[in-house]
Amino acid sequence: MVALSAAQPAVASEDGAVVLPGKRVKGKRPVGKGAELDGGQAVTVVTGQELREHHAELAEALAQLPGAQVLRTGGVGSPALLSLRGSTVEQVAILLGDAVLDLADGAPLDLSDVPLLGVDRVEIYRGLAPLQVGSQPLGGTLRLTLRRGAGSSAQATAAMGSYGTHQGEVGASVGGEWGDGYAGLRWLESTGNFPYLARGGTAYVRSDDHMRTRANNDLHRLGGVLSLQGRWSPDSAWTVHWLGSGLEQGAPGAAVFPALHARYSQNRQILVATASRDHLGRLDARAELAIHAVGRWSEVEDTLGEMGFPWRATQRMLGGGAAGLLRVPLVDRDDRQLTLHGRVGAQATQIQGAELLSHTDRPASLRQSGQASLGALGRLGAWQATWSGGGELAHQQVTDLRQYASSYSQPRQDTLPAWHTALALRWQPQDHWLVDAALRRALRLPNLQEMFGDSATVIGNPQLLSETASSAELGALGKTRMGPIAVTGELRGHATWAENLIQLVGLGPHQAMYQNVGQARLLGAEATLAADWNGLRGELRHTTLVTRDQSGRVGYDGKVLPMRPRTRWGGLARWQTDLGSWRSSLWASLDWQAGAFVDAANLVVTPARTLAAAGIRLSTSQPSIFVDLRVDNVTNAAVYDLIGYPLAGRTLWLQLGWHADAGTP
Amino acid sequence: MTAQNFPSNPTQWYGLHLRLALCLVAAALPGCFDDTQGVVQASYSGPFGVAPDPAQGARFLGAVGGDYKSSVVSVIDLASVAEGDVQSTPARHSAVLHSGSQVGATALALSGDVVWANADLPDRHLLAVDRGNAALIELNPRTGAVVRQVSVSTSFYSNPQDVVVRDPHTWLVSRMNRNPLAGSQVFDAGDDVVALDPSSGALLARADLSQAVTGTEAGLLAAPQRMVLTDRLYVPLAMFKPNFKGQDHARLAVLRPDDLQVEQVIGLAPIRNCVNIQVITPGRLLLACQGSFQMPTEQLAQSALVVVDSSSATPQPVKWIGAPPQGGPWSRDVAVLDAQWVAAVSLGSLQPNRPDRLWLVSLVTGERRPVQDSAQPFGYSGLWADPQRRCVWLGETQRKDGDLLRFLITATGQIAVGAPVAANPGGLGTLELMAR
């Protein structure tokens, strides 16, 4: 495992050690691509270069990973939410750089907010979280690292695709004695007017079926990233990251009665600043301070009442927090190491909503939370052990009761304590294979939306308790060479018993309330096999997820958890070759997903689906330009994640890119 | 069932489990048996007022189960059920139709919001109102087959509530929602009662109830609910504000069934939110009014069972039976036993914890006698009285030994609790009952 330097890139030496600025950390490099954080096990790293070369969107890239699932309600650019190992989207922790984002407002990170040009790498930690997270989320952790400045360079891409989709991205790096930085902007628009088979509300009548165009499904995104880093001294560094996104889109509603005028907009700004210092004191410790601020504003507008009744609601969220991390290498020898991690964090988030048609201000709700955790990472010969444990304390309250008239949510001021712990072992007798195992207790505090977020159809529940889960996992990684073919593989199994799961329980035809009703068991396996030979690469991915509702509730107990396909297979073949001064990359992928129940009662099934995609990329190095042409959903299969929200059929995507490098100053 | 609550955290669930465990222990002790498990002390005279004759009674009991995300229809065959039999297990056809019966990307076969229509169809067919899909589904209870499906959406979420049969070629449908983009086709404005040709699906006529309700706040929805058709069509109006954040006093619209002309709109102030109507006897109607859920502190006072004298040319409400203070507001579930007595359910609450309660209510004296409490608040849903077999059926969701409770009304007026029946074992509990 490698240590993280926030200031300069780590360089892998020939002997497998990783050289950091001013520090040499010895240790065996993990099989496959290494994660940057300490203590995670089931890690998949997708570099920014891979993303840009082989994917049109971050959501599409992550959807292919084992153990990951992305839920969508539309085409390119539409909101995309990540689930890991059968988790809900709220059960995935989000890191931007080294800062854990406190999204206590209940609005998860939209993967479509992330511009590809501004991404340095994405790390997906399934299950066990790294020590730097300071907690154990139930599903896993997504870490997004923004692109670093690298000398003076500039990039630009322009793309167009089916259903009126256009995208432009620009980015530039600058460097100097002060440090370096990268700034990028992304603009995307899409009409989203793909065809689908409309059946009205009459599944038993075929005579009224007809093809229809998805209307009011347009979207417009404008976002950007900024990444600055520098050093105050050889031992101290700083970074500033900004991820901003604005979205304005139609709210087409369920296809059975599409809304033609309803709109939705959201603006979210995330700012993270970190400072770090190495070689502190005699213990040679490293200290990091990460401060983050998140602001979000959203508006739903259905003034005509196309989706039920007229309403226009806004929500404002402002939050921020600070976390300090101390990393102390108590023992640092060639054959043994022991490092302690201590983390203390505090956050506060406030949300407030208003209904503009009735001029009703909803109460503001406030959460103040803090957590402390301690972790240790030890290495002895081929063995590595990681332990972490900690507690969280959250205090939430409604701060303005003047207009508060819900008959259901009795406001309460309360403090929710919760704890987590994890123990992980890794045995790596040789460089090319390892085995690891982990036990952990994970948790998630209810967010403000779940506790106080009364809306037109959803009622908050201030009495909610934290979700908890106990889980175990076992994994093995290996790589070998079979003649000219390099083969890598990973196999993992995991089991989770979750309690107090927070679910929306229907109270009436148009009302639902968050309740702690769920207990569930989730068993899964993930496998990846990849082979490389002379420019040809093949990948085979598999995910199995067996879930059972164990809530004891009539109608649900013993059923499969909704929207968790039992099996997924994915395959990729890619051939890269040089054609004179051009380099070409030809690829094709196939993803198969088993049918899944949409509802907790296991009555409604989304059928199994197969999605094929193919593309070609031509690029030159001098000048550095590229052309991408890809076709998604080649067979034009009718697919959907949620009933009522058809996804796009066959989609063409053409992208032109340009990169200019003025050299490193 | 509207605005239902369930225990909001495990502590309350544990509390329920503890209570159940204590009940089981108490049941093992002589003299400690819960009286609602045996003969209930409440009694009345003149049960049902008809000579029991199962052969003349309903043959099929349709149960709609659901959780407002999915729905499931099951049918109980009452052919083997004799008078007074609340112990045998009748034949059951579970989940003959459900939300996933037909796979579709754009709509469920049955939405999560399905109720039974008060429609008397030939051959004992049942008619489901799929409010979420704005469609009507005629079901053959013998085979479970869908005989007919008709959309009443006119391209918008019209939210149909009920259907009555005017003649074999005309159904009258109440539609609660208003179309914000009306005008693209005929009779597409909503908030109305429309006449429908079920064979073609064509709308034949429309009564605009928004226009009929005069003298009220501008923009109010009349919001027609369940209906009764005698010589005239009686339609309770829930009178919602356009954003559904409030309700005006309830009304009862009286229409001529032939041409759907509104003859009269009867004000029912201070009562609000009347959602069910039934015939007590020829010339007398019963309205079940819940009170406004948007006005929780005043809901109890706004809730009542209202008796309407419809025997004259100008129908008038003649009696109000308020909701029991120790119970809660009346739910929509009422079942007429005879000219004097009805069964009705009062709604429970979570805060304070109060279960639903089944009552016998005298329409003559206004007396309200408690019969049985639900295991948890908002547990009861779906009520049907079977005069020919002298029993009352009551749906209770989240009940593990069967979601259909049965109560026997003995010849002496005593009430005994029968063995529950599971309409859909292991599946979603019953929310709606209708017998044909």
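Owing to the predicted nature of the structure, the values given are computational and were not obtained by experimental measurement.

**Some details on the overall build of chain B**
Check the secondary structure of chain B and you find 3 helices and 29 strands. In chain B, buried positions account for 61% of the 436 residues. Sequence separation of at least 24 residues holds for 51% of the intrachain contacts in chain B that already meet a minimum separation of 6. In the structure as shown, chain B presents an accessible area of about 15,100 Å², 54% of it carried by carbon and sulfur atoms.

**With respect to the state of the cysteines**
Residue and element names in this part refer to chain B. All told, the structure shown has 1 disulfide over all chains when counted by the stated rule. Each sulfur of the disulfide joining C274 and C289 lies 2.0 Å from the other. Here the S-S torsion is close to 95 degrees, and the disulfide linking C274 with C289 is therefore right-handed. Placement of C274 in strand β17 (residues 274-281) and of C289 in strand β18 (residues 284-289) is noted, with a sequence separation of 15 residues between them. Each member of the pair C274 and C289 is classed as buried.

**Overview of the interface of chain B and chain A**
Between chain B and chain A, the contact holds 60 residues from the first and 63 residues from the second. Of the roughly 4,800 Å² buried between chain B and chain A, counting both surfaces, carbon and sulfur atoms make up 59%. It is A105(B), T106(B) and Q149(B) in chain B that bury the most area against chain A; as a group they hold 13% of the surface buried on that side. Inspection of the region where chain B meets chain A yields 0 salt bridges. For the pair chain B and chain A, the number of links is 10 residue pairs in polar contact (both at pLDDT 80 or more). Contributions of two or more residues to the side of chain B that touches chain A are made by α1 (10-27), β3 (71-77), β4 (91-98) and β8 (145-151) of chain B. It is β8(B) that contributes the most residues to the side of chain B that touches chain A, 4 residues altogether.

**A word on the nonpolar core**
Within soluble globular proteins, side chains that are nonpolar tend to cluster in buried spots. Judged by nonpolar contacts, the single largest core of 47 residues is most densely connected at L62(A), L82(A), L111(A), V122(A) and L142(A). With 4 residues, helix α2 (residues 58-63) of chain A is the largest single contributor of residues to this core. Dropping the residues within four chain positions of it, V122(A) is found in contact with T44(A), V45(A), V46(A), L51(A), L58(A), L62(A), L142(A), R143(A) and L144(A). Counting 18 residues, the second-largest nonpolar core is a separate cluster that includes A335(B), L360(B), L383(B) and F407(B).

**Observations concerning the environment of L408(B)**
Looking at where L408(B) falls in the secondary structure, it is placed in strand β27 (residues 404-409). Taking the C-alpha atoms as reference, L408(B) lies 6.4 Å from V86(B); in sequence the two are 322 residues apart.

**Side note on the packing of aromatic side chains**
Throughout the structure, instances matching the rule amount to 7 aromatic pairs over all chains. Where W330(B) meets W359(B), the ring centres are 6.4 Å apart and the plane angle is 80 degrees; that geometry is what we call edge-to-face. Of this pair, W330(B) sits in strand β21 (residues 330-336) while W359(B) is found in strand β23 (residues 357-362), placing the two residues 29 residues apart along the sequence. Put simply, the rings of F309(A), F240(B) and F244(B) touch in pairs and so form one group of aromatic residues. The residue whose ring lies beneath R214(A) is Y196(A), and the NZ or CZ to ring-centre distance is 6.0 Å. One Lys or Arg, R617(A), reaches over the ring of F626(A) and ends 3.9 Å from the middle of that ring.

Cut-offs applied
Residues numbered from 1 in each chain as written. Chains lettered and ligands numbered in written order. Predicted model: local features only at pLDDT ≥ 70, side-chain atom pairs only at ≥ 80, totals over all residues. Heavy atoms only, no water. Helix = DSSP H or I, 4+ residues; strand = E, 2+ residues; numbered from the N terminus. Buried < 20%, exposed > 50% of the residue type's maximum accessible area, 1.4 Å probe, protein only. Contact = heavy atoms within 4.5 Å. Areas by Shrake-Rupley, 256 points an atom, 1.4 Å probe, with all protein chains shown as cover. Disulfide = S-S within 2.5 Å. Buried area = accessible area lost by both parts, 1.4 Å probe. Salt bridge = Lys/Arg side-chain N within 4 Å of Asp/Glu carboxyl O. Polar contact = N/O pair within 3.5 Å; in protein donor to acceptor, adjacent residues only side chain to side chain. Core = buried A, V, L, I, M, F, W, Y, C linked by side-chain atoms within 4.5 Å. Phe/Tyr/Trp six-rings, centres within 6.5 Å; stacked < 30°, edge-to-face > 60°. Lys NZ or Arg CZ within 6 Å of the ring centre and 35° of its normal.

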